[in-house]
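# Secondary and tertiary structure notes
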Amino acid sequence: MRMIDIIQKKRDGLALTKAETTWLIEQYAIGQIPDYQMSAWAMAVYFQGMNKSEIADLTMAMVATGEQIDLSDIPGVKVDKHSTGGVGDKVTLILAPLVASFGVSVAKMSGRSLGHTGGTIDKLESIHGFQVERTQADFVQQVRDIGISVIGQSDNLVKADKLLYALRDVTATVDIIPLIASSIMSKKIAAGSDAILLDVTVGSGAFMKNMLDARLLAQTMVDLGNAVGRKTVAVITDMRQPLGATIGNRLEIAESLTVLQGGGSPELRQFIAELAQIMLSLAGVEKSVDDILENLSNGAALEKFKQMIQAQGGDLDELLASPEHETIFSKSVVSTQTGYVTSFDALTAGLLAMRAGAGRAVKSDVLDLDAGLRLFKKIGDYVESGEPLFEILYNKADFDAEKESQVLLDAISISNEKVEIKEIVEII
Ligand code: URA
């Protein structure tokens, strides 16, 4: 086969055969296809799309370029969860122990923050001593012993995706639904779980900015998972505003701990309980949302969280003694208006938290794990003039808190009309 023929075929709107797709990915993964040809193919996909079987062929060819985690030694149905990214998204930190508290094993590999989106692995690293890099054997053993492990993605998983994603990032070919779906699902399939819950976020703080794209991505990934025997469900969730009451690594660990200790906002508890209900159902365990909320109140989910921290070397005593770490500087910002919050732009808040040190503008940036934002009012809340809206926590002396506060204030709207917001918009 010749790469030029494959590019030409895709450019002309024809579907590639399984043999062609497999060859293309295999050869790229071993360095036999140069980046310039691969980027021409990716751009052809941008304009011509891919049909269902091409996407499935691409995904499975990608899976085959790396290690595949074998979870078969762990009894029962193993469930995984993936979010397409958000602001203040601490779902995994609460959901994984909650699901595990019902005896359903959660074996999860998570990512790091980039741009306005946070990463679970960075959040976990804000717990002193917590190890996110584990051997496959340790990962499997831990899930077998306590029913839960959350680690960073192994470097050996889906090698083709690592190369292709880096290439897409610099050739304006990231926002292509078939390529996003195959990138995400190849990693989920290689990670070995039997069932997968996909959280496809939509809104300013998300990858997918509108419902049409979110639905298409969700359906494409659900079809892919089910086609290869992984029970897959997607929820489309609202990411117009940040999730929960904090943005930032240690801050989100502290908020998660509060929820696991029976506190936190009722909306966040309800949202996570609804997600848990779906994940449990994928494992054949049917529970009411009330039953699930009970495990957030009675300490059962908290116990799983503590077990995971200890199993992965985290300093539980330090975390429980001082969940939040003080920063050198803070700036509290009050409302100048009275009324209901009608919008609280997630992207603006995420970028502000990133500039305060909580996120990475580029992969090599070093995080300030304690920096971030506390949010006192969210969409639907009533606020009086002079009441606090948010607080910025930071350690950088050169951070212009005055200017940054104004940027976020401008991204919050307040009016006389109360707007309702529901986290789960649709289930696919
Ligand atoms: N996340 C991924 O893992 N891959 C993509 O292509 C986009 C987002």
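Notes on the structure follow. Predicted, not measured: the structure shown is a model, and the values here were computed from it. (Residues numbered from 1 in each chain as written. Predicted model: local features only at pLDDT ≥ 70, side-chain atom pairs only at ≥ 80, totals over all residues. Heavy atoms only, no water.)

### Considering the sheet that holds strand β3 (residues 148–152)
Keep this limit in mind: At least two bridges found by DSSP between two strands is the condition for calling them paired. Strands here mean DSSP runs of E at least two residues long; helices mean DSSP runs of H or I at least four residues long; both are numbered from the N terminus. Axis lines are fitted through C-alpha atoms, for helices just across the contact stretch, and the angle between N-to-C directions can take any value from 0 to 180 degrees. Residues are treated as being in contact if the distance between any of their heavy atoms lies within 4.5 Å.
Read from one edge of the open sheet, six strands run β3-β2-β1-β4-β5-β13, paired in mixed fashion. Each end of this open sheet is capped by a strand with a single partner; those strands are β3 and β13 (424–427). Each adjacent strand pair in this sheet contributes to an overall mean axis angle of 20°, direction not counted. Sheet contacts for helix α9 (residues 177–190): β1 (78–83), β2 (105–110), β4 (195–202) and β5 (231–238); angle to β1, the most-contacted strand, approximately 155°.

### Concerning empty space enclosed by the protein
The cut-off we apply is this: Points on a 1 Å grid, built from protein atoms alone, make a cavity when a 1.4 Å probe fits but cannot get out and make a pocket when they are open with protein on both sides within 12 Å along at least 5 of 7 lines; residues with an atom within 4 Å of a point are the lining residues. Grid points are joined across faces, edges and corners, and a volume is the space filled by probe spheres set on the points.
Applying the stated criterion across every chain, the model contains three cavities of 30 Å³ or more. Approximately 110 Å³ is the volume attributed to the largest cavity. In terms of lining, the largest cavity is formed by 18 residues, of which the most central are His116, Thr117, Gly118, Ile247 and Ala358. Among the secondary structure elements, those contributing two or more residues to the lining of the largest cavity are α11 (249–260) and α16 (346–358).

### Digging into the sheet that holds strand β9 (residues 372–375)
With antiparallel pairing, four strands are arranged side by side in an open sheet as β6-β9-β11-β7. Either end of the sheet is taken by a strand with one partner, and the two such strands are β6 (246–247) and β7 (329–334). Judged from the two bridges that link them, β6 and β9 form a sheet pairing that is antiparallel. Bridge pairing in β9 places Thr246 opposite Arg374.

### Some details on the packing of helix α12 (residues 266–282) against helix α13 (residues 289–297)
This is how it is decided: The hand of a helix crossing depends on one turn: near helix anticlockwise from the far one by less than a right angle means left-handed, and clockwise means right-handed. We call Asp, Glu, Lys and Arg charged. Ala, Val, Leu, Ile, Met, Phe, Trp, Tyr, Cys and Pro are nonpolar, and the rest, Gly among them, are polar.
For the pair α12 and α13, the least separation of the axes is 9 Å and the interaxial angle reads 115°. Remark: the crossing between α12 and α13 carries right-handed chirality. In contact with Arg269, Gln270, Ala273, Glu274, Ala276, Gln277 and Leu280 of α12, α13 contributes Val289, Ile292, Leu293, Leu296 and Ser297. Here the contact of α12 with α13 is composed, by residue class, of seven nonpolar, three polar and two charged.

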